[in-house]
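Notes for the structure review
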Number of protein chains: 2
Amino acid sequence: MHDFKTLVTQFEGRIAQIPALSRSPESLYEPCRYLLGLGGKRIRPVLCLMAAELFAEISEDAWQAALAIELFHNFTLVHDDIMDHAPLRRGQATIHARNGLTAGILCGDVLCIAAYQHLGQIRNTLPTILAIFNQTALEVCEGQQLDMDFESKTQVSVADYVNMIGLKTSVLLAASLKIGAIIGGTSAGNAEKIYELGKALGIAFQLQDDYLDAFGDPIKTGKQAGGDILANKKTFLYLHALENCDEATRTSLHQLNNLPDNEKVAATTALFRATGADRACTHAVVTYSEKAFAALDDLACTANRKAPLKKLVESLLHRQF
Amino acid sequence: MHDFKTLVTQFEGRIAQIPALSRSPESLYEPCRYLLGLGGKRIRPVLCLMAAELFAEISEDAWQAALAIELFHNFTLVHDDIMDHAPLRRGQATIHARNGLTAGILCGDVLCIAAYQHLGQIRNTLPTILAIFNQTALEVCEGQQLDMDFESKTQVSVADYVNMIGLKTSVLLAASLKIGAIIGGTSAGNAEKIYELGKALGIAFQLQDDYLDAFGDPIKTGKQAGGDILANKKTFLYLHALENCDEATRTSLHQLNNLPDNEKVAATTALFRATGADRACTHAVVTYSEKAFAALDDLACTANRKAPLKKLVESLLHRQF
C-alpha cells in the first residue's frame, strides 16, 4: 500500500518523462512543460492510483490512466484561464498571459491529445475506460460553459449551481476513482460506489471552498478573504442568500457593489449570516462529506487497503472552517 | 463501390445523428451543430471510407473513424479561426465571431472529445487506430503553431514552409486514408503507401492553392485574386521569390507594401514570374501529384476498387491553373 506522498513523488517522475512534451516546436511544448512543472496537488491521478490499489497492485495501465487524467486536467486549466482572463495560476503567469492566446489555445489542445495518447497505452478494458473518460470530458466542458453562462444570467438557483460544480469539478474526481477501480479489476457495483464517492467529495470540497473564501482565515487558506464576493461570483452562499431573503434585502445585496472593498466584504458576509446562507453551506458540506464517507465504507475491499484513500479523503474534507 | 457523391450523402446522414451534438447546454452544442451544418466538402471522411472500400465492404468501424476525422477537422477549424481572427468560414460567421471567444474555445474542445467518442466505438484494431490518430492530431497542432510562428519570423525557407503545410494540412488527409485502409484490413505495406499518397496529395493541393491565389482566375477559384499577397502571407511563391532574387529585388519586394492593393498584387505577381517562383510552384505541384498517383498505382488491390478514389484524387489535383 502506498500513501499520498509516495504516489505523488512517483507520479512526478512519470510526468517528467511524458514523451509528447519533448516534441517540437519548442514554442508549443515549452509552455506545456512550464505548466506541468508548476506542480499542483496531483489529487486526481493519485485518486486513480489509490482506487486501483484498493483491488490490486498498481499496474502500468493505472499509471497511464493517471497520466491521462492529469494531462486532461491541465488542458482544462489552460483553456479555463483564457476564458476567465486569469493572469496567474499557482502564483505564476498563465500560459496565455506568458505566451499569448495562440499558445494558450494550442497548448491546451496538445495536452488534451497527449491525454488520449496515454489512454491509448491501456492494455485491458480500453473501450470501457475510453467511454468513461469521454463522457467525463464532455461533462467537464459543459460545466465550464454553464459557469460562463451564469456570469450573465440573472436567474441561477442553488440547484443550478450545485449541478454546475458537479460537472465542472466533481465528475473528473469521480471518473479518476472509477477508472482506477476498473483497472484494479473491481466489480461494476464497486465502480459505481466509488464514482459516487468522488462526486460527493468534489461537491463537498467546492462548497467548502465557497465557505472558506467568505469566512475562512486568510492566513490558513492562503487566499484573500472575500475574493469571490469582490469578483461578484455567484457562489452557493450568494445564491442561497438571494433565494432566502426578502425583496428589500435582495435590493440591498445588489447595492453593496458601490461600497469600498473591505466594507463590501463585511456587509455581504453579514448578510450571508443573516439569511442563514453560512449555516446552509456548512450543512451541505457535512451532507456531501457524509455521503462520500458512506460510499467509502460501503466499498467491498479489505480495510487495510482502504487506509490511504480514507486518509486522503479526510484531509480533503477536514479543512479549517 | 461507392462514388464521392453517394458517400457524402450517406455521411451527411451520419453527421446529423452524432449523439454528442444533442447534449446540453444549448449554448455549447448549438454552435457545434451550426458549424457542422455549414457543410464543407467532407473530403477527409470520404477518403477514409474510400480507403476502407479498397479492401473490403465499408464497415461500421469505417463510419465511426470517418466521423471522428470530420469532427477533429472541425475542431481545428474553430480554434484556427480564433487564432487567425477570421470573421468568416464558408461565407458564414465563425463561432467566436458569432458566439464569443468562450464558445469558440469550448466548442472546439467538445468537437475534439466527440471525435474520440467515435474512435472509441471502433471494435477492431482500436489501439492501432488510436495511436495513428493521436500522432496525427499532435502534428496538426504543431503545423498550426509553426504557421503562427512564421508570421513573426523573418527567416523562413521554402523547405520550412513545405514542412509546415505537410503537418497542418497533409498528415490528416494521409491518416484518413491510412486509418480507412487499416480498417479495411490491408497490409502494413499498403497502409504506408496510402499514407504517402495522402501526404503528397495534401502538399500538392496546398501548393496549388498558393498558385491559384496569385495566378488563378477569380471567377473559377471563387476567391479574391492575390488575397495571400494582400495579407502578406509567407506562401511558397513569396518564400521562393525571396530565396531566388538579388538584394535589390528583395528590398523592392518589401517596399511593395506601400502600394495600393491592385498595384501591389500586379507588382508582386510580376516579381513572382521574374524570379521563376511561378514555374517552381507548378513544378512542385506536378512533382507531388506524380508522387500521389504513383503511390495510388502502387497499391495492391484490384483496379475496379481503385476507381472512385482515383477519380477523387484526380478531381482534387486537376484544378484550373
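Residues numbered from 1 in each chain as written. Chains lettered and ligands numbered in written order. Predicted model: local features only at pLDDT ≥ 70, side-chain atom pairs only at ≥ 80, totals over all residues. Heavy atoms only, no water.

**What to know about the overall build of chain A**
- When its secondary structure is counted, chain A shows 16 helices and two strands.
- Taking 321 residues into account, the globule formula puts the C-alpha radius of gyration at 20 Å, and chain A, at 20 Å, falls close to it.
- By its C-alpha atoms, chain A is 60 × 50 × 35 Å across when sized along the principal axes.
- With 321 residues in all, chain A has 57% of them scored as buried.
- Contacts in chain A between residues at least 24 apart in sequence constitute 74% of all its contacts with a sequence separation of at least 6.
- Charge separation in chain A, taken as the distance between the mean sites of 30 positive and 36 negative side-chain charges, equals 4 Å. (Helix = DSSP H or I, 4+ residues; strand = E, 2+ residues; numbered from the N terminus. Rg over C-alpha atoms; globule rule 2.2 N^0.38 Å. Buried < 20%, exposed > 50% of the residue type's maximum accessible area, 1.4 Å probe, protein only. Contact = heavy atoms within 4.5 Å. Lys, Arg positive; Asp, Glu negative; His and termini not counted. Charge placed at Lys NZ, Arg CZ, Asp CG, Glu CD.)

**Focus: the interface of chain B and chain A**
- Listed as interface residues are 40 residues of chain B and, on the opposing side, 40 residues of chain A.
- Counting each side, the surface lost to burial between chain B and chain A is near 3400 Å², with a carbon and sulfur contribution of 71%.
- A per-residue breakdown of the area chain B buries against chain A is headed by Ile-113, Leu-138 and Gln-145 of chain B, which together make up 18% of the total.
- If you look at where chain B meets chain A, you find two salt bridges.
- Close ionic contact of Arg-23 of chain B with Glu-142 of chain A constitutes a salt bridge, the shortest N to O distance being 2.6 Å.
- Viewed at the interface, chain A and chain B are joined by 12 residue pairs in polar contact (both at pLDDT 80 or more).
- Every element with two or more residues in the side of chain B that touches chain A is listed here: helix H2 (26-37), helix H4 (60-83), helix H6 (101-119) and helix H7 (126-152) of chain B. (Buried area = accessible area lost by both parts, 1.4 Å probe. Salt bridge = Lys/Arg side-chain N within 4 Å of Asp/Glu carboxyl O. Polar contact = N/O pair within 3.5 Å; in protein donor to acceptor, adjacent residues only side chain to side chain.)

**Quick look at the packing of aromatic side chains**
- This structure, assessed with the given rule, holds nine aromatic pairs over all chains.
- Summarising the aromatic geometry, the rings of Phe-72 of chain A and Phe-133 of chain A are spaced 5.4 Å apart at their centres and angled 75° between planes, so their arrangement reads as edge-to-face. Of this pair, Phe-72 of chain A sits in helix H4 (residues 60-83) while Phe-133 of chain A sits in helix H7 (residues 126-152), and the two are 61 residues apart along the sequence. Across this residue pair, the class does not change: Phe-72 of chain A and Phe-133 of chain A are buried.
- Ring geometry for Tyr-116 of chain A and Tyr-116 of chain B: centres 3.6 Å apart, planes at 0°, overall stacked. Of this pair, Tyr-116 of chain A sits in helix H6 (residues 101-119) while Tyr-116 of chain B sits in helix H6, which puts the two residues in different chains.
- For Lys-178 of chain A, the ring lying beneath its charged end belongs to Tyr-195 of chain A, and the centroid distance is 5.4 Å. (Phe/Tyr/Trp six-rings, centres within 6.5 Å; stacked < 30°, edge-to-face > 60°. Lys NZ or Arg CZ within 6 Å of the ring centre and 35° of its normal.)

**Observations concerning the relation of the copies chain B and chain A**
- Structural alignment of chain B on chain A gives an RMSD of 0.0 Å, achieved by rotating through 180° and translating 0.0 Å along the axis. Both chain copies can therefore be described as sitting about a two-fold axis.
- Comparing interface residues between copies, 100% of those in chain B also sit at the interface in chain A, which points to an isologous, same-surface contact. (Least-squares fit on C-alpha atoms with pLDDT ≥ 70 in both.)

**Here's the deal with the pattern of salt bridges**
- A full pass over the atoms with the stated rule returns 24 salt bridges over all chains.
- A salt bridge links Glu-12 of chain A to Arg-42 of chain A; its shortest N-O distance comes to 2.6 Å. Residue Glu-12 of chain A is found in helix H1 (residues 4-15), and its partner Arg-42 of chain A is found in the loop between helix H2 (26-37) and helix H3 (43-53); the two are separated by 30 residues along the sequence.
- On the basis of relative accessibility, which here comes to 28%, the residue Glu-12 of chain A falls in the partly exposed class.
- Across the pair Asp-278 of chain B and Arg-273 of chain B runs a salt bridge whose closest N-O atoms are separated by 3.9 Å.
- Since its relative accessible area comes to 8%, Asp-278 of chain B is described here as buried.

**Here's the deal with the side chain of His-96 of chain B**
Residues and elements named next belong to chain B.
- Mapped onto the elements of the fold, His-96 is located in helix H5 (residues 95-99).
- For His-96, the side chain forms a polar contact with the main-chain oxygen of Ala-86, separated by 3.3 Å.
- Once you skip the residues sitting within four places of it in the chain, His-96 turns out to touch Asp-81, Ile-82, His-85, Ala-86, Leu-101 and Gly-104.

**With respect to unusual backbone geometry**
Residues and elements named next belong to chain A.
- A cis amide bond, omega 10°, links Ser-24 with the succeeding residue Pro-25.
- When you line up the elements, Pro-25 lands in the loop between H1 and H2.
- In this structure, Arg-90 is a non-glycine residue whose phi angle is positive, near 50°.
- Of note, Arg-90 is situated in the loop between strand E1 (88-89) and strand E2 (92-93).
- Given a relative accessible area of 33%, Arg-90 falls into the partly exposed group.

**A look at H4 of chain B**
Residue and element names in this part refer to chain B.
- Taking 1.5 Å as the rise per residue, H4 with 24 residues should run 34 Å; its terminal C-alpha atoms sit 35 Å apart, in good agreement.
- Most of H4 sits inside the fold, with 23 of its 24 residues counted as buried.
- His-85 sits one or two positions beyond H4 and adopts a positive phi of about 50°. (Expected span 1.5 Å × (residues − 1).)

**Observations regarding the environment of Cys-281 of chain B**
Residue and element names in this part refer to chain B.
- By secondary structure assignment, the location of Cys-281 is in helix H15 (residues 277-298).
- Spatially, the C-alpha atoms of Cys-281 and Lys-153 are 22 Å apart, while their sequence positions differ by 128 residues.
- Look past the residues within four positions of Cys-281 in its chain and what remains in contact with it is Leu-207, Tyr-211, Phe-236 and Leu-237.

**Topic: the packing of H3 of chain A against H4 of chain A**
Residues and elements named next belong to chain A.
- Following both chains from N to C, one finds H3 and H4 inclined at 155°, their axes separated by 8 Å at the closest point. When the axes of H3 and H4 are compared, the pair comes out roughly antiparallel. As for the relative orientation of H3 and H4, their crossing is right-handed in sense. Here H3 contributes Arg-44, Pro-45, Cys-48, Leu-49 and Ala-52 to the contact with H4, which in turn contributes Ala-62, Trp-63, Ala-65, Ala-66, Ile-69, Glu-70 and His-73.
- Among the residues making up the contact of H3 with H4, the classes are represented as nine nonpolar, one polar and two charged. (Axes fitted to C-alpha atoms, helices over the stretch in contact; angles between N-to-C directions. Parallel < 35°, antiparallel > 145°, perpendicular 65-115°, else oblique. Left-handed = near helix turned anticlockwise from the far one by under 90°. Nonpolar A, V, L, I, M, F, W, Y, C, P; charged D, E, K, R; others polar.)

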